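Architecture and fold: a report
Spelled out, the chains give:
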Amino acid sequence: MKLNAKILFFILLTSVLIFSTAVGIISISLKKKSYNNSTSLTDTYVNDYANIIKTYLDRYMESTKVLDKIFVDFEYIPMQERRKTFSTMMKRVLKENDNYISVWSIWEPNTIDTLDSKYINSLESTFIGNYSPTFYKDKREIKTQISSEKELFQGDYYTIPKSTGEETIMEPYRYSYTGKKSDEVLETNTIVPIIKNDNFIGVIGIDIPLDNFQQLVDSIKPFEKSYAFLISNNGIFITHPYKNLVGKSFKEFAPLTQKKYHVLERIKKGEVFSLITADKSMSLNYITFHPIKIGKTITPWSFAIVVPQEVLMVKAKTIFNNSILIGIIGLLILSIIILFVSKKIVTNPILKITNSLKRVAKGNINREQKENVKTNDEAGDISKSINKLIDGLDSAIDFANEIGKGNLDAEFKLLSKKDSLGHSLIEMRKSLVSAAKDEKIQKQEDEKRNWHTRGLANFGEILREKNDDMKKFSYNIIKNLVKYVDISQGAFFIINDEEENELYYDLLAAIAFGRKKNIKKQVLMGEELIGRAAQEQKTLYLTNVPDDYISITTGISTDKSPQNILIVPLNLNDYIYGVIELVSFKEFEPYQITFIEKVAESIASTIASIKVNLKTNKLLEQAQYQKDELSQHEEEMRQNLEELQATQEEVEKNDIELKNVLKSMQAITPIIIIDLEGVIINVNSKMAETYGYTADFMKGKLLDYFSVKNEQERDDYEKLIDELRTGKKQIRERHVILNKEEKWFQEIYNPILDSDTSYKILLIAIDITESKLLDKQLAEVS
């Protein structure tokens, strides 16, 4: 080899090692950091979306818990009305919630009442008579499912909540309430045990469709080519982009992955975990799982996001390739310089240059070891160039070391305007600075997102507490909201809708500078900012308000008043249940406003539930009071009838006197007289009207001609006549439709003595329609 070729070879070899090592270390470090950032971002996404899905499922469980709380207080309902009241309530819940498939309940024998023997094989009971209704929707029509179970209290939907005493969500399954294959849906059950005085007495459950979650999960694609799926506690796919996997087991779909990573066991434990596995095309995928714990259940589900590893590596590969390209360019530049100077060598300078190059070839680059060749020829130029190269490499090493230490502000002086290596290193630093800025921004966004998620969870816990005192509830909410958002003042207004023609908002709670304020204030709809926000149903945000606008201050004259006001209506289904007013020295950030509006929706839902419960209790008390008054009225009527019966005994001794009494009663009371065979002897017009005939038409005919319509009523009528023949008084109720209006009559059959000592029967009808309608209204309210 020629001398210039040898020089080029050794210098180039040493340079390759130096540049390859430096660029390789930096490139690999950047590549690994970029990949870790991508996986961390994926883990953040799966956490956020898991919480969103949990919110939906928690709503279903909360609805089931509300029914459970109502059912536990069944003893306050009259025994005869309990089954009817609860069935009406479950039908209403099912009708008013489009997302519910079925609402059902199963009670232990003789717990809801002691009337099981009366309800054996009835529509809403089992073959032993215990209360076990199931109501479902068939094309928006509410229907009752007939119980066909031969072994009672055996299904997991009953045994699991009974044994654990905890809320339960069942594994997904396909089911058709109509029995038709075409009506099958993938569903699950949210179940709450009914426990009274630490005794298990039954369960209440709501069946919900899982098809709704498919569209939601399909829309979750945080990265290109990524997808998500929802999986149950036992590893059943609830959603998946491949619809044929829905309802199938993860173990069947990916047995090797299950065996290697124990996925199902980790899902059952509610773990957060991730793994890397290959699909059928042998492409690697990054899969991250996050548990979803519904309510207080002990069988968490899991939500997963799948991202091809090649997608996560795109940015990392780009940085790596750019670093390699910079190294190659630097080596090319160095090779050209060495080739140029090697053509102009002389003996002495070559020896010095050779020594320098040997040291450089050994990686010993130091400014103190430069060789100063004092010639004005090409050798001198070579020496100067090599010295300059040593300076440049030393600066590059120092710069690379500073970058490696994390000092991205390190200075680097270019050798010239055409210093490609220097430019490449500076570009590399710019890329690192940009990556650091991106990481900082991402960290800030993660902090905001975590703050938002943590706040929703905290207020979810607060709203799930027992809230039967509206003032205490209001202060608890505003106190925690002011503290969490870190502001100075807050006020909580609740709508007062007792008068339909005059709606206004009451100030129930206020807090300022960490202290509770007792302020009485009412705001009409449309008045002030509070009324305006309620009327327009939108958030109002004001900044730089005048100092005299805020009425509550610290009391120190030198302190400025807060100048930022946020007013958020508590909106649920376009009805404003209240308004929150927040005052701050600092301006509200957009993410804070979004959080407060989200919390306001949950607060509105809770207020709606509280107001319904309070109103229901009030109506129950009023209805009970009215029923007591009506019972007293009925008692007075019975006493009057007993007095009438005493009078009748005297009338039996005097037929003429009886006829006069009957004549007087016929003017105001429906009366009919029959003999012991049921033949109508006499009937007044008022009684004839209740049967829909004239008095003349009814005389001489059998009473059963007008009152018996089927075999059951025939048997009841014959028993009635037999009892009357023995001289026993009988009472029964009759329901009729008169002029398209429902009527109820209490019929009293009194055996009487005729002058020839043979029996006749006096039938008197009393209108009890008002009492029946009141009972019906009471059942609907309950």
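Preceding block: the structure.
Predicted model only: the values in this text are computed from it and were never measured.

Some points on the pattern of salt bridges
What the rule picks out here adds up to 28 salt bridges. Between Glu-747 and Arg-734 there is a salt bridge; the shortest N-O distance is 2.4 Å. Linking Glu-747 in strand β23 (residues 741–753) with Arg-734 in strand β22 (residues 730–738), this pair joins segments that are 13 residues apart in sequence. Under the relative-accessibility criterion, Glu-747 is labelled buried at 0%. Of the charged contacts in the structure, one is a salt bridge between Asp-767 and Lys-743, with a shortest N-O distance of 3.7 Å. Taken together, the residues span a long stretch of sequence, with Asp-767 in strand β24 (residues 759–767) and Lys-743 in strand β23 at a distance of 24 residues. For Asp-767, a relative accessible area of 42% translates into the label partly exposed.

With respect to the side chain of Asn-564
Positionally, Asn-564 belongs in strand β18 (residues 564–572). With a relative accessible area of 4%, Asn-564 lands in the buried category. A polar contact of 3.4 Å, which involves the side chain of Asn-564, links it to the backbone oxygen of Lys-586. With residues near it in sequence (within four places) discarded, Asn-564 still touches Tyr-541, Leu-542, Thr-543, Asn-544, Leu-582, Val-583, Ser-584, Phe-585, Lys-586, Glu-587 and Phe-588.

Section: the packing of helix α12 (residues 420–463) against helix α13 (residues 470–485)
Running from amino to carboxyl end, α12 crosses α13 at an angle of 165°, the nearest separation of the two axes being 11 Å. Taken together, the axes of α12 and α13 are roughly antiparallel relative to one another. Like other packed secondary-structure pairs, α12 and α13 cross with a definite hand, here right-handed. From α12, Trp-451, Arg-454, Gly-455, Asn-458, Phe-459, Ile-462 and Leu-463 reach across to α13, where they touch Phe-473, Asn-476, Ile-477, Asn-480, Leu-481, Tyr-484 and Val-485.

Scoring rules and cut-offs
- Residues numbered from 1 in each chain as written.
- Predicted model: local features only at pLDDT ≥ 70, side-chain atom pairs only at ≥ 80, totals over all residues.
- Heavy atoms only, no water.
- Salt bridge = Lys/Arg side-chain N within 4 Å of Asp/Glu carboxyl O.
- Helix = DSSP H or I, 4+ residues; strand = E, 2+ residues; numbered from the N terminus.
- Buried < 20%, exposed > 50% of the residue type's maximum accessible area, 1.4 Å probe, protein only.
- Polar contact = N/O pair within 3.5 Å; in protein donor to acceptor, adjacent residues only side chain to side chain.
- Contact = heavy atoms within 4.5 Å.
- Axes fitted to C-alpha atoms, helices over the stretch in contact; angles between N-to-C directions.
- Parallel < 35°, antiparallel > 145°, perpendicular 65-115°, else oblique.
- Left-handed = near helix turned anticlockwise from the far one by under 90°.

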